[in-house]
Amino acid sequence: MSETTLGGIAGRMPKFIRRADPAVLTAFACIVLLLFLGSLYSRSFLSPEYLLQQLKVASFLGVIATGMMLVILLGQIDLSVPWSVAAGAMMACAAAAYGPAGVVLAIPFGIFCGVLIGIVNGIGVAYLRIPSMIITLATNAVAQGLMVVYTGGFSPQDSATGAMRYLATGFAIPGVPNAVIIWALIGAAMVFVLTRTGFGRTVYGIGNRERAAYLSGIDTRRVVMIAFAVSGGLSAFGGVLLAGYASKAAQSMGDAYLLPSIAAVVLGGTSILGGRGSYLGTVAGVILITLLQSILSVMQMPEAGRQIIYGVVIVAMLLLYGRAPASR
Amino acid sequence: MDSAVPLFQMEGISKRYGGVRALEKAELVVTSGSIHAILGENGAGKSTLIKVMAGVVAPDEGRMTMDGREVTFLSPAAANQAGIVCIFQELSLVPDLSVADNIVISDPPKRFGMIDRKAQRRIAEEALARAGAADIHPLALVKDLPLSRRQMVEIAKALARKPRILILDEATSALTAADVSKIFSVLKRLRSEGLALLYISHRMNEIAELADQCTVFRNGRNVASYKAGSKSDNEVVELMIGREYSHIFPPKPAAVPAAAAPRLEARKLSWTDRLHNISLTVRAGEVVGLGGLDGQGQRELLLAFFGVLRGLSGEVLIDGKPVAIRSPSAAREDGIGMALIPEDRKTEGLMLPMTVRENLSFAALDRLSKGGIIDRAAEQRLIDDMVGLLAIKTAGLDIPVGALSGGNQQKVVIAKWLMRQPRIILLNDPTRGIDVGTKQELYQLMRKLADAGAAILFYSTDYDELIGCCDRVLVLYDGAVKRELVGAEITERALIASALNIHGEESPVGLGARA
Amino acid sequence: AGPEIVKGPAAEPDCFAPWAADTQFFKFPKKAGPYRIALANGYIANTWRIQMVQTAKAYAAQKDVAAKLKEFKVVSTGEDVPAQISAINNFIDSGYDAIVVNAQNPTAFGPVIKRAKEAGVVLVAFDNILDTKDAINVNVDQKGLGELWGKWLVSHVPNGGKVLEVRGVAGTSVDTDRHNGIHEVLDASGKKWAVTEVVGKWDDGVAQKASADAIATNGPFDGVTGQGGDTGIVQAMIDAKHPFVPFGGETENGFRKFCAAHAADGLKCSSAGTGPAQVAVAIKTAIAALEGNVVPQSIKLPLAIVEDPNFKAGQDFFPDQSDNFFVGNSFPTCGINFTAQEIMGQTKADQ
Amino acid sequence: MKDWRYWLAEQRGTLLALGIFIVMFIIYTSNHPAGFTANVVQTAANKGVLLAFVAMAQTLVVITAGIDLSVGMIFLLTNCLASWLVVGTPMQTTLGVIAVLAVGLLCGAINGAIVIYGRLQPIVATIATGAVFYGIGLLLRPFPGGSVNEDLADAMTGRVFDVVPASLVALFAIVLVIWVPFSRSVLGRAAYAAGSSETAAYMSGVPIRRGKFAAYTLAGLLAAIGGLFLTFFTYTGDAAYASGNAYTLFSIAAVVLGGVSLFGGKGSAIGAIFGALAFRTIGDLLFVFDFDPLWQPLFQGVILLIAVSLGAFALFRVRNRLEWFL
Ligand SMILES: Nc1ncnc2c1ncn2[C@@H]1O[C@H](COP(=O)(O)OP(=O)(O)OP(=O)(O)O)[C@@H](O)[C@H]1O
Ligand SMILES: [Mg+2]
Ligand SMILES: [Mg+2]
């Protein structure tokens, strides 16, 4: 029954909307609804400063969720996000301690460390065929161990460099925070990769059926490996931006990004089983999660109530549009 | 008979999937004590019809009656309750459970509220024995069994449920002659016990042997119903495809290109205990068949060439030069140019939820892109060529490939590889579950590719195909080449005898049934 | 085999100051040294804890202390309380003389405390202390800390007004105590306060984000108080071009750097807390107890307080050191004085 | 005839977990200053059993090819609840225990209903319900506290006949009362079948929805039993977010170490129990080896990495590369 009514409405919409995934549209509708509800509490939720600030903060999650999405499209998951973020941030700041060259190489070095973690994940998943849920859990523990040893033993420099501060908080275009521009660039690159390149096609193919992709002569292991490396690198880059935002790196800075990044990707309509999903959805998911957290945080409500509402709202939104199709 | 109330009747059943009309006011009458064959091209709606009957799919309109009373089945379990048991085309065995678990799955024997494993095993052993598959161990996991054994388990499972109506949807497509003859005697016994059987198959000879009544479907409608044997094969096929129908197989070239250098060669190829010292050659322009009973190493041989198997011994030569192919991606490289049409198109050949376009260009992405970026115009050109060449029937390039009928899906798998213009084509039982019309197109395509210079190695479970298509046939038995048949030597009798590793000229009684 | 309850004063009354007038004093049976002492730590992966573990090792390695120790073992069990309880059980079973613990949960250690008492093991808790009269607690006055911040706001925002309170990790007693302290003082001041509470989880990043949101929606504020992550809070104020206002906060080096730099613009700070060096006091207490000296059951640690305008570079904060570093590592009355370099840099020198 | 080989193949994961656990535990106790004593075993058992319950809960859901990221939070919530209810007279205590278990069941049933009837992907659905459960736990215990019937608590964490840890006995009893009947019931088989191939199970007329629902619900119950034991062990309720998350993640590790396939349809709670015990022993090893404290987390991480990589050795036996893809 819903099929026909939906179809009827869809028929009267412009083409680009008709082609868009209904889940993505609903997610964006939820964003508007959320802002509307927030504005009932305080007008300032609609102020441009607040909205820009949310976009800025969302862009950290956005960068991290981009990597997570790539991995989820493969039907895998990356639980090493917390310490990939932290390692990226800490190592970038640490590199800055080594003279001018260190300052210049700080950001690439931080990302490189994340890529290394991702490569270990990739080797585990692609070559050793360990379920990603467990190997990434283990590398997360290892990365944490390394960072603890490092902090304790090397009196680390943990202030962000000027470049990191500029990337996260500066304004290359007046009025638009650089972090947002960076997210937009990364997002555009991701959209391009997913829709226009052979790599993107194979990611979807592997997510749908790795066996068929392999028998089509795709080096599926390499693709999986690259995806995890990219995910690690993007997590680390998110960490670098966060360090720029906070002007320093800290061990626990990634903890708050694991579950939200998964939730954002799935709220955006990407199937956790892989092979299906669009980046636009992830954008919507990231903004949704960020707004929800922010609005709940600012409304004067005890932490307990906030957690409950957060959970209920996510379930409600998923029930609205994230349901698997009925099978008959 | 005619005056009595039929056991089961379907009237005006329609079912649509999006824009596709799978069934259009379909009718069917099923009577006890008879075997009713349903025929039709791929996508004619046969599977959909029986899915409606078995409670898997809810019809959009129409009514069903059983013993004269109207029925609706909300789930397969409900249909089971009513005595309708179905062996689906896509098997419905749970891979991680044991054979015994699967056989009793819908209604396991219980003791103190828990499943009684002893009783369950007994039931399973009985059912397996009844289906003539006592060689299957009830504790084996289904996923460890080859496809042909799984079909036997599926049949045993159906028998264990004591059905009133038993439906077999291409349940024998992967079975060898020996298994089929066992199944046939079981089915005939069930008929004499008063069951109603619905039998769907693309193998005309099976239908000729088994059926009492036939119904032909075309484009979701039943177009004819007749007593078995009252129409000639040609008439039936014409009913199915709705047009004139001539001989099936394309003519073979007069002479095998004898002196041509071998394109693909194996020397003493061995792998674990499945392949033993296999030596063979395939020349450009040749169609070489692999025969023998199912599971004698044919699939492994193809996989070995394609770089899927590890720990091979022996040599593989391409154009006379030894090569070590370690992966499908190496096998498809330029110097080698190999393609494999895999056994199971749904899990190995296609990504069902992805679009026709994405599936078609999937194996050729490297050729279609520059610097990793897909050249969409080139992609479109090549796809148009392929869709034209193979006459793929699809509502569009951007619909999920899973929405195509089986035969068209298979064409997509083949087209996907032809986009690379392979020099060596390995085909693993490509016509399984494909209708006569499409089969014929494939035979012609195969010959056309060979004439254009491809070397083709072709495994089939259907002897007619081997006889009709191949220049030479290698018969495998227990992982070794037992016999090579060339040209006129390729006869059914010779194929069967060497498949069974029998040296005399006699073919055993009953096996002729499949011819 | 528990301690004898005796009358005060304690052995080193300046260092082992009793928590309250009615605090009991313990005298454990004197044991012959050298001792085996264990530190059962919980969570490890943040700067405070790492600094704490480093301090403990540095302290145990000091000549006069090392002479009294046969073994000093540290185990970090993570966030899981049962794992920490089990670690203490294991230490008891392995015959350690004293166990120093930074408890993940103040109320969960009842059975272990019982066992330690039976086995005659000296149990000393610090930072997150134990809810008991049967073990020695080296206390930071968490509520007093909140009160201190509250008073700072009351005196520096004379007419009351809007306050941003950035809280710690929900569900912990430290967060609750500090929060209550602040509010009791504010409520008692008789002025009108509108407090916006957000959760910063003692983490700079989280605190910064929460503060930025609060400023954008509920700001501007007349005063700020933060339990931790204060560097991030100030950063958020700077990013939002929020005016600098009086601030009661913790002892992070980064926070104090900001306080010193922007005091003239109105960032009048009270920075107070107790650094990770309190672990040294706890070890010192354990040794004193094993030596048969009288110690209070509950020891009150002095707060390391620095308030505007007294921020002195190189003493109260270290401009070229990490922001995450916690300052306030000296307890002069206990003869304990570590500098930042000594703790975080100690192994660097070894490299 | 060769039935035992099939049995062996089926139990391989469980036996491997058992082996890993025994080896680690031997290394642990033989290096422990106190040695293999009743006390040491009791300490290890109490700690291990907690995770074992949560891992069993996770197993039930994983068998259906789902995942429950809220088990840790149900564990916390029931701990907080028990610290209010499981006190007083034996009668009150009993009612309290029943109430706590009922709440666990309810949480599991909510998860099940949302995932099955709401048709949501389990991973996000349970992230969300986990937040709700945690919020309720925090309402119950804004800061740590509460109490428990200490007689009962001591009995459950003590020793039977002064040798066998009572917690192990309890674990064994729960296996007998919950896991064994479930795994041999029609619903249990439906859960396995749904996890292995939902379509095939559905077409075969298996009550998949009821089977999955039962699995999620019992998972809630088992997590609640874990929460109850946490209360017995700590005498208090504590809504510690990090700890809840840690248990969830540990339970996944334990399940994998225990040979349960994250793809569903395969494995047993017994394996997961040994996985949990083995995982806990990794942490214990720190105690008996003299590591620099700052290297301990790294050591634990590396051991975990090695342990989860052990399964990869089976890859070397794979002769057909298609087997990589299930
Ligand atoms: N789940 C589905 N979604 C969309 N279309 C479907 C689906 N199932 C079947 N169809 C379409 O319905 C039509 C009838 O399919 P059906 O499987 O009944 O054919 P069939 O006669 O069994 O063919 P075959 O001989 O290939 O098995 C086909 O066009 C097919 O593409
Ligand atoms: Mg069909
Ligand atoms: Mg079909």
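About the criteria used
Residues numbered from 1 in each chain as written. Chains lettered and ligands numbered in written order. Predicted model: local features only at pLDDT ≥ 70, side-chain atom pairs only at ≥ 80, totals over all residues. Heavy atoms only, no water. Helix = DSSP H or I, 4+ residues; strand = E, 2+ residues; numbered from the N terminus. Rg over C-alpha atoms; globule rule 2.2 N^0.38 Å. Buried < 20%, exposed > 50% of the residue type's maximum accessible area, 1.4 Å probe, protein only. Contact = heavy atoms within 4.5 Å. Areas by Shrake-Rupley, 256 points an atom, 1.4 Å probe, with all protein chains shown as cover. Lys, Arg positive; Asp, Glu negative; His and termini not counted. Charge placed at Lys NZ, Arg CZ, Asp CG, Glu CD. Near = heavy atom within 4 Å. Polar contact = N/O pair within 3.5 Å; in protein donor to acceptor, adjacent residues only side chain to side chain. pLDDT = per-residue confidence, 0-100. Pairing = 2+ DSSP bridges. Axes fitted to C-alpha atoms, helices over the stretch in contact; angles between N-to-C directions. Buried area = accessible area lost by both parts, 1.4 Å probe. Salt bridge = Lys/Arg side-chain N within 4 Å of Asp/Glu carboxyl O. Phe/Tyr/Trp six-rings, centres within 6.5 Å; stacked < 30°, edge-to-face > 60°. Disulfide = S-S within 2.5 Å. Patch = residues over 30% accessible without salt bridge, like charges linked within 9 Å, V, L, I, M, F, W, Y side chains within 5 Å. Nonpolar A, V, L, I, M, F, W, Y, C, P; charged D, E, K, R; others polar.

**Quick word on the overall build of chain C**
Reasoning step 1: A tally of helices and strands in chain C yields 12 helices and 17 strands.
Reasoning step 2: Its C-alpha atoms give chain C a radius of gyration of 21 Å, near enough to 20 Å, the size a compact globule of 351 residues would have.
Reasoning step 3: With the C-alpha coordinates of chain C rotated into their principal frame, the extents come out at 60 × 50 × 35 Å.
Reasoning step 4: Expressed as a percentage of its 351 residues, the buried residues of chain C come to 65%.
Reasoning step 5: Sequence-distant contacts, at least 24 apart, represent 71% of the contacts inside chain C between residues at least 6 apart.
Reasoning step 6: Summing over all exposed atoms, chain C offers an accessible surface of approximately 11700 Å²; the carbon and sulfur share of this is 51%.
Reasoning step 7: Each charge class in chain C was averaged separately, 32 positive and 39 negative side chains, and the resulting centres sit 4 Å apart.

**Considerations on the overall build of chain B**
Reasoning step 1: For chain B, the helix and strand inventory stands at 18 helices and 24 strands.
Reasoning step 2: The C-alpha radius of gyration computed for chain B amounts to 24 Å, which stays within 12% of the reference 24 Å derived for 515 residues, consistent with globular compactness.
Reasoning step 3: Counting only C-alpha atoms, chain B reaches 70 × 50 × 50 Å along its principal axes.
Reasoning step 4: Relative to its 515 residues, chain B shows a buried fraction of 57%.
Reasoning step 5: Considering only residue pairs separated by 6 or more positions, chain B has 67% of its internal contacts joining residues 24 or more positions apart.
Reasoning step 6: Taking the average location of the 64 positive side-chain charges in chain B and that of its 63 negative ones, the two points are 3 Å from each other.

**Structural notes on the environment of Val 169 of chain C**
All names here are of chain C.
Reasoning step 1: Of note, Val 169 is situated in the loop between strand E8 (161-167) and helix H6 (173-188).
Reasoning step 2: Separated by 34 residues in the primary sequence, Val 169 and Asp 203 place their C-alpha atoms 9.1 Å from one another.
Reasoning step 3: Among residues more than four places away in sequence, those in contact with Val 169 are Asp 175, Lys 201 and Trp 202.

**Some words on the site of ligand 1**
Residues and elements named next belong to chain B.
Reasoning step 1: In the vicinity of ligand 1 lie 18 residues, with Asn 42, Gly 43, Ser 47, Thr 48 and Ala 403 positioned nearest.
Reasoning step 2: Between ligand 1 and Ala 44, the relevant distance is 3.1 Å, taken from an oxygen atom to a main-chain nitrogen or oxygen of the residue.
Reasoning step 3: In this structure, Ala 403 approaches ligand 1 through a main-chain N or O atom, which is 2.4 Å from an oxygen atom.
Reasoning step 4: A total of 630 Å² of accessible area belongs to ligand 1 in isolation, and the protein chains cover 79% of it.
Reasoning step 5: Sort the elements by how many residues they give to the shell around ligand 1 and helix H1 (residues 46-53) lands first, with 3 residues.

**Structural notes on the confidence of the model for chain B**
Reasoning step 1: Looking at chain B as a whole, its pLDDT mean stands at 86, while 94% of the residues score no less than 70.
Reasoning step 2: Overall, residues 504-515 of chain B carries pLDDT values under 50, and its contacts beyond four positions in sequence, including any with other chains, amount to 25 contacts.

**A few points about the sheet that holds strand E18 (residues 338-341) of chain B**
Residue and element names in this part refer to chain B.
Reasoning step 1: Read across the open sheet, the 6 strands follow the order E18-E21-E22-E15-E23-E24; overall the sheet is mixed. Both outer strands of the open sheet, E18 and strand E24 (480-486), are each paired with one neighbouring strand and no more. Neighbouring strand axes in the sheet, compared pairwise and without regard to direction, differ in orientation by 20 degrees on average.
Reasoning step 2: Note: strand E21 (residues 424-428) against strand E22 (residues 455-459), 5 bridges, orientation parallel.

**Quick word on the sheet that holds strand E9 (residues 193-199) of chain C**
All names here are of chain C.
Reasoning step 1: Pairing is mixed across the open sheet formed by 6 strands, whose spatial order is E9-E8-E10-E11-E12-E15. Looking along the sheet, the strands with just one partner apiece sit at the ends: E9 and strand E15 (304-307). Shown here is a sheet whose adjacent strand axes are inclined to one another by a mean of 10 degrees, direction ignored.
Reasoning step 2: Where E8 and E9 come together, 7 bridges link them in parallel fashion. In the sheet register, Val 166 faces E9, and the bridge partner there is Val 198.

**Observations concerning the interface of chain B and chain A**
Reasoning step 1: At the interface, 37 residues of chain B touch 20 residues of chain A.
Reasoning step 2: Carbon and sulfur atoms supply 57% of the area buried between chain B and chain A, which totals about 2300 Å² over both sides.
Reasoning step 3: At the boundary of chain B with chain A, the tally comes to 2 salt bridges.
Reasoning step 4: Across the pair Arg 201 of chain A and Glu 379 of chain B runs a salt bridge whose closest N-O atoms are separated by 2.9 Å.
Reasoning step 5: Counting across the chain B and chain A interface gives 8 residue pairs in polar contact (both at pLDDT 80 or more).

**Looking at the packing of aromatic side chains**
Residues and elements named next belong to chain D.
Reasoning step 1: According to the stated counting rule, one finds 24 aromatic pairs over all chains in the structure shown.
Reasoning step 2: Each ring, one from Phe 21 and one from Phe 25, has its centre 5.4 Å from the other, and the planes form 35 degrees; the classification is tilted. Of this pair, Phe 21 and Phe 25 both sit in helix H1 (residues 3-31), 4 residues apart, roughly one helical turn. We note that Phe 21, like Phe 25, is buried.
Reasoning step 3: Taking the centre distance of 5.0 Å and the plane angle of 75 degrees together, the rings of Tyr 134 and Tyr 241 count as edge-to-face.

**Comments concerning the state of the cysteines**
Residues and elements named next belong to chain C.
Reasoning step 1: Using the criterion set out here, one finds 2 disulfides over all chains in the structure.
Reasoning step 2: The disulfide bridge from Cys 15 ends at Cys 334, spanning 1.9 Å between sulfur atoms. Its torsion about the S-S bond being 95 degrees, the disulfide of Cys 15 and Cys 334 is classed as right-handed. In this pair, Cys 15 is assigned in the loop between strand E1 (4-6) and strand E2 (25-27) and Cys 334 in the loop between strand E16 (330-331) and strand E17 (336-337), connecting sequence segments 319 residues apart.

**Remarks on a nonpolar patch on the surface**
Reasoning step 1: Residues Phe 161, Val 163, Val 164, Leu 168 and Val 169 of chain D make up a contiguous nonpolar surface patch of about 460 Å² in total accessible area.
Reasoning step 2: Along the chain, Val 163 of chain D falls in the loop between strand E1 (159-160) and strand E2 (164-165).

**So, the pairing of strand E16 (residues 313-318) of chain B**
A regular strand places its side chains so that they alternate between the two faces of the sheet.
Residues and elements named next belong to chain B.
Reasoning step 1: Judged from the 5 bridges that link them, strand E13 (residues 262-271) and E16 form a sheet pairing that is antiparallel. By the bridge assignment for E16, Leu 264 is matched with Ile 318.
Reasoning step 2: Sheet topology note: the E16/strand E17 (residues 321-323) ladder contains 3 bridges and is antiparallel. Its bridge partner lying in E17, Val 316 is registered against Val 323.

**Thoughts on the interface of chain D and chain A**
How big an interface is tends to be expressed through the accessible area that disappears when the partners come together.
Reasoning step 1: With 45 residues of chain D in contact, the opposing surface of chain A contributes 50 residues.
Reasoning step 2: If you look at where chain D meets chain A, you find 0 salt bridges.
Reasoning step 3: On inspection of chain D and its partner chain A, the count reaches 2 residue pairs in polar contact (both at pLDDT 80 or more).
Reasoning step 4: Put simply, the parts of the chain that give the side of chain D that touches chain A at least two residues each are helix H4 (90-117), helix H5 (122-140), helix H11 (241-257) and helix H13 (296-309) of chain D.
Reasoning step 5: Among the elements that make up the side of chain D that touches chain A, the one with the highest residue count is H5 of chain D (13 residues).
Reasoning step 6: Class assignment for the residues of the side of chain D that touches chain A results in 36 nonpolar, 7 polar and 2 charged.

**Considerations on the pattern of salt bridges**
Reasoning step 1: With the rule as written, the count across this model stands at 56 salt bridges over all chains.
Reasoning step 2: A salt bridge links Glu 300 of chain B to Arg 274 of chain B, with the nearest nitrogen and oxygen atoms 3.4 Å apart. Linking Glu 300 of chain B in helix H9 (residues 298-305) with Arg 274 of chain B in the loop between E13 and strand E14 (275-283), this pair joins segments that are 26 residues apart in sequence.
Reasoning step 3: Between Asp 175 of chain C and Arg 167 of chain C there is a salt bridge whose closest N-O contact spans 2.7 Å.
Reasoning step 4: The structure contains a network of salt bridges with shared partners spanning Arg 283, Glu 286, Arg 472 and Glu 484 of chain B.

**Focus on unusual backbone geometry**
Reasoning step 1: Cis geometry is found at the peptide bond from Asp 308 of chain C to Pro 309 of chain C, where omega equals 5 degrees.
Reasoning step 2: The residue Pro 309 of chain C is located in the loop between E15 and E16 in this model.
Reasoning step 3: Despite not being glycine, Arg 129 of chain A has its phi angle at roughly 55 degrees, a positive value.
Reasoning step 4: Structurally, the position occupied by Arg 129 of chain A is in the loop between helix H6 (99-127) and helix H7 (132-153).
Reasoning step 5: Phi at Asp 429 of chain B is positive, roughly 50 degrees, even though this residue is not glycine.
Reasoning step 6: Examined against the element boundaries, Asp 429 of chain B turns out to sit in the loop between E21 and helix H16 (436-451).
Reasoning step 7: Asp 429 of chain B gets classed as buried once you look at its relative accessible area, which sits at 4%.

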